[in-house]
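Coordinate analysis (summary)
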Amino acid sequence: MRLLEWVFEIGAFSYALALGTLAAACVAMGAPTIIQLMSVTAAIGYGAGISARNAGRLPIAIGQLMLSITPTCVVLMFLPGFASKVLAVSLGLFVVVMISIGLNVFRTLRSSITAADTSARLADQMREQARTDVVTGLLNRAGLNHELVELQMQLPADQKLALFWLDLDRFKEINDTLGHSVGDGVLAEVARRIIDTAPAGAVIARFGGDEFIAACIVTDRAECEQLASAIIGDISRPYRIDGHRVSGGTSMGVAMLPDDGPDIDAVMQGADLALYHAKVQGRNQLRFFDQSMTRDLVRKKEIESELRAAIQKDELSIFFQPIVDLKSGKIRTFEALVRWFHPEKGELRPDEFIPVAEETGVIITLGNWITSQAAKAAAQWPKDVTVAVNLSPLQIRAPGAALGILSAIREAGLEPERLELEVTESLFLEDSEQTGRFMEELSAHGVRFALDDFGTGYSSLAYINQFPFKKIKVDRSFVSGPNIGRKSDAIIRAVAEMGSTLEMDIVAEGLETVEQVEAVRKAGCTLGQGYYFSRAVPDFLAAMLLSQERDDGAARTSGSRLAG
């Protein structure tokens, strides 16, 4: 490279000297005027142009300028006549001006280059900071993603990429009891131990909170297991942070590419699931991913296990939402709705655990428990108030389902006529014959049935004609859904007219405003349910609502008698 620079400099200086010498010779030898003019103009133009063009290499620019113009200046100084000497001085001043211009261009270029270098350096620093965790100095999540892709590209065909996902045990306890400074010290020490244990070239990151990820190339699973055990062993040793002796540990999930997935994303998901299994088993556990682990399966298993325990520990509650007579405003029925207040996770929505309960069979135990609890609560209410319980198809198909319900209301001391069982049309799609026997048996004892979510299934009229329904609940989508309008109003009126003819109550669900209440009442619905009247409330509040209703009614009756 330096040789090329020397060649360039020699060539540049030689050409400038040749051009300057030619112009000076033409002037000295008295060549024709046009020749002198052209040669001198070429030399001056070249010198002026090159001083700006090569300003980035200022010595070369000044050297070419001097070599192309100085010979002519010298010749003019020695020629007779005042004009020649003036012209020589003018050319000298021109050289000075062009050198000044070259210096200015050089400074500007140098400033621009310096600024560009500084900007590039700052950009590199910012990029590095954006990919680095402040506490540990490891990669953060953004940096991890980039480096994992690079590591995958380097993966030899006969080797594997092992990904270790770690979650520190008891870290929240350390933070809460000893403070965040000690917690940060633990994180930094964990990072150092992982770096010391992991092989050269490993990608190590703090994924967030107290989670770390390490990835490296291994030969086989055996090497991966040895490395995982070594990392857990190192992290599990006690720490000495700011004078505090801290006992640590970690749970780890491991997955490998290509064994557990075709790409980085799949392997990370596998390691995450394996980590979840490790944490479920307890502290300081190691689990390798296998194909049976899926997030849905883990969630279902967790909910199933906790739901069974919740039933035994009485963690579940029954709330009651009133169904109101639209003419009198009195509560006619309470619908029993299950609520789960988990001691650690807070309230879990029914749509989280009811589908799992149905898929795993827990719904049978849960459904029987709901019926029993609802019947016990209803037995304390006035005898003209009924209770409604939703039934799952799986619960109905269980052996002895009808007998279980009859036993529940008998133990609660509730008259069968005060129990309403709500079923949906999906119940009849698989085994309507068995469902028919179930309903007939209970109806014979006085239990009432309601068809829930009417209008969302198929062949509803056939079911109404075939089975002993006493009540139809119009789905909330016809009352407060996004498509309410003339058509939905017409459907409600038609259903209400049919109910009146068949001597069945028609319940409008999802009532939230007084306008909706008035509309369904005018359409012919006899009962209403929704937030306009009340949300679902605990059993003691349901009893209070009934007591208040009775007291208000008694007060009105007493007042009218006194007035008479």
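For the structure, see preceding data.
All values derive from a computational prediction rather than experimental measurement. (Residues numbered from 1 in each chain as written. Predicted model: local features only at pLDDT ≥ 70, side-chain atom pairs only at ≥ 80, totals over all residues. Heavy atoms only, no water.)

With an omega dihedral of 10°, the bond running from Leu257 to Pro258 counts as a cis peptide bond. Along the polypeptide, Pro258 turns up in the loop between strand 6 (250–257) and helix 9 (264–281). Non-glycine residue Arg170 carries a positive phi angle of around 65°. Note on placement: Arg170 falls in the loop between strand 1 (160–168) and helix 6 (171–178). By relative accessible area, which is 29% here, Arg170 ends up partly exposed. (Helix = DSSP H or I, 4+ residues; strand = E, 2+ residues; numbered from the N terminus. Buried < 20%, exposed > 50% of the residue type's maximum accessible area, 1.4 Å probe, protein only.)

A few words now on the packing of helix 6 against helix 7 (residues 180–197). Axes are the key here: two packed helices are described by the angle between their axes and the distance separating the axes. Relative to each other, helix 6 and helix 7 sit at 140°, their axes nearing to 7 Å. Residues Phe171, Ile174, Asn175 and Leu178 of helix 6 form the contact with helix 7, whose participating residues are His180, Val182, Gly183, Val186 and Leu187. Within the contact of helix 6 with helix 7, the residues separate by chemical class into 6 nonpolar, 3 polar and no charged. (Axes fitted to C-alpha atoms, helices over the stretch in contact; angles between N-to-C directions. Contact = heavy atoms within 4.5 Å. Nonpolar A, V, L, I, M, F, W, Y, C, P; charged D, E, K, R; others polar.)

Let's shift gears to the packing of aromatic side chains. For the coordinates displayed, the defined rule picks out 9 aromatic pairs. Residues Phe467 and Phe469 carry aromatic rings whose centres are separated by 6.5 Å and whose planes lie at 70° to one another, so their mutual orientation is edge-to-face. Both residues of the pair, Phe467 and Phe469, count as buried. Between Tyr532 and Phe533 the ring centres are 5.2 Å apart and the planes differ by 85°, which places this aromatic pair in the edge-to-face class. (Phe/Tyr/Trp six-rings, centres within 6.5 Å; stacked < 30°, edge-to-face > 60°.)

This part is about the nonpolar core. With 73 residues, the main nonpolar core has Phe320, Leu366, Trp381, Leu421 and Phe438 as its most contacted residues. Counting residues per element, this core draws most heavily on helix 12 (residues 362–378), at 9 residues. Counting residues in each nonpolar core, the second largest holds 32 residues, with Val182, Ala198, Val218 and Met252 among its members. (Core = buried A, V, L, I, M, F, W, Y, C linked by side-chain atoms within 4.5 Å.)

A cluster of nonpolar side chains, contributed by Val74, Met77, Phe78, Val89 and Leu93, occupies part of the molecular surface with about 530 Å² of accessible area. Per-element accounting of the nonpolar patch gives the leading share, 3 residues, to helix 3 (residues 58–78). Tracing the backbone shows Met77 in helix 3. (Patch = residues over 30% accessible without salt bridge, like charges linked within 9 Å, V, L, I, M, F, W, Y side chains within 5 Å. Areas by Shrake-Rupley, 256 points an atom, 1.4 Å probe, with all protein chains shown as cover. Salt bridge = Lys/Arg side-chain N within 4 Å of Asp/Glu carboxyl O.)

Positionally, Val520 belongs in helix 18 (residues 514–523). Classification of Val520 by relative accessible area gives buried; the value is 3%. When the C-alpha atoms of Val520 and Glu509 are compared, they prove to be 9.9 Å apart, with 11 residues separating the residues in sequence. With sequence-adjacent residues up to four places away left out, Val520 is seen in contact with Leu326, Val479, Ile492, Ala508, Leu511 and Cys525.

Further remarks concern the pattern of salt bridges. The tally for this structure, following the rule as stated, stands at 24 salt bridges. Close ionic contact of Arg308 with Glu304 constitutes a salt bridge, the shortest N to O distance being 3.2 Å. One end of the pair, Arg308, and the other, Glu304, are both in helix 10 (residues 295–313), 4 residues apart, so they sit about a helical turn from each other. Among the ionic pairs, Lys345 bridges to Glu306, the shortest N-O distance being 3.4 Å. With Lys345 in the loop between strand 9 (331–342) and strand 10 (346–348) and Glu306 in helix 10, this residue pair connects regions lying 39 residues apart in the sequence. Look at Lys345 and you get partly exposed, because its relative accessible area is 34%. The partly exposed category is assigned to Glu306, whose relative accessible area is 22%. Each of Glu189, Arg192, Arg193 and Asp196 takes part in one network of salt bridges that share partners.

Neither face of strand 15 (residues 505–508) is exposed, since Asp505 and Val507 on one face and Ile506 and Ala508 on the opposite face are all buried. For strand 14 (residues 469–474) and strand 15, the ladder comprises 4 bridges, and the chain directions are parallel. Across the sheet, Lys471 pairs through a bridge with Asp505, a residue of strand 15. Taken together, the 2 bridges between strand 15 and strand 16 (residues 527–528) define a ladder with parallel strand orientation. Pairing of Val507 across the sheet is with Leu527, part of strand 16. (Pairing = 2+ DSSP bridges.)

What follows concerns the sheet that holds strand 2 (residues 203–208). Across the sheet, 5 strands lie side by side as 2-3-1-6-7; this open sheet has mixed pairing. Each edge of the open sheet carries a strand with a single partner, namely strand 2 and strand 7 (286–288). Direction aside, neighbouring strands of the sheet carry axes that sit 20° apart on average. Contacting strand 1, strand 2 and strand 3 (211–218), helix 7 runs over the sheet at an angle of about 5° to strand 3.

Where helix 2 (residues 33–53) meets helix 3, the axes come as close as 8 Å, and the angle between the chain directions of the two elements is 160°. Our classification of the angle between helix 2 and helix 3 gives roughly antiparallel. Handedness of the crossing formed by helix 2 with helix 3: left-handed. Packed against helix 2, whose contacting residues are Val40, Ala43, Ile44, Tyr46, Gly47, Ala48, Ile50 and Ser51, the element helix 3 presents Ala61, Gln64, Leu65, Ser68, Ile69 and Thr72 at the interface. In terms of residue class, the contact of helix 2 with helix 3 is made up of 9 nonpolar, 5 polar and no charged. (Parallel < 35°, antiparallel > 145°, perpendicular 65-115°, else oblique. Left-handed = near helix turned anticlockwise from the far one by under 90°.)

Our next topic: helix 3. With 21 residues, helix 3 ought to run about 30 Å at 1.5 Å a step, and its terminal C-alpha atoms sit 30 Å apart, in line with that. When the local axis directions of helix 3 are compared, the greatest deviation, roughly 35°, occurs at Ile69, which is followed within four positions by the proline Pro71. (Expected span 1.5 Å × (residues − 1). Bend = angle between axes of the 7 residues up to and from the residue.)

Scanning the model with the defined rule gives 0 disulfides in all. Cys73 supplies the cysteine sulfur nearest to Cys26, a cysteine that is in no disulfide, at a spacing of 15 Å. (Disulfide = S-S within 2.5 Å.)

On to helix 11 (residues 350–360). Since the α-helix turns once every 3.6 residues, residues separated by three or four places project in the same direction. Listed as buried for helix 11 are Phe353, Ile354, Val356 and Ala357. Projected down its long axis, helix 11 carries its buried residues within an arc of 165°, all on one side. Seen from the open side of helix 11, the exposed residues pointing more than 90 degrees away from its buried face are Asp351 and Glu359. (Arc of directions from axis to C-beta.)

A few words now on the side chain of Glu304. Among the residues examined, Glu304 registers a relative accessible area of 17% and is labelled buried. Beyond its immediate chain neighbours, meaning those up to four positions away, Glu304 contacts Val356, Thr360 and Val362.

Function cannot be inferred from these measures alone, as they are strictly geometric.
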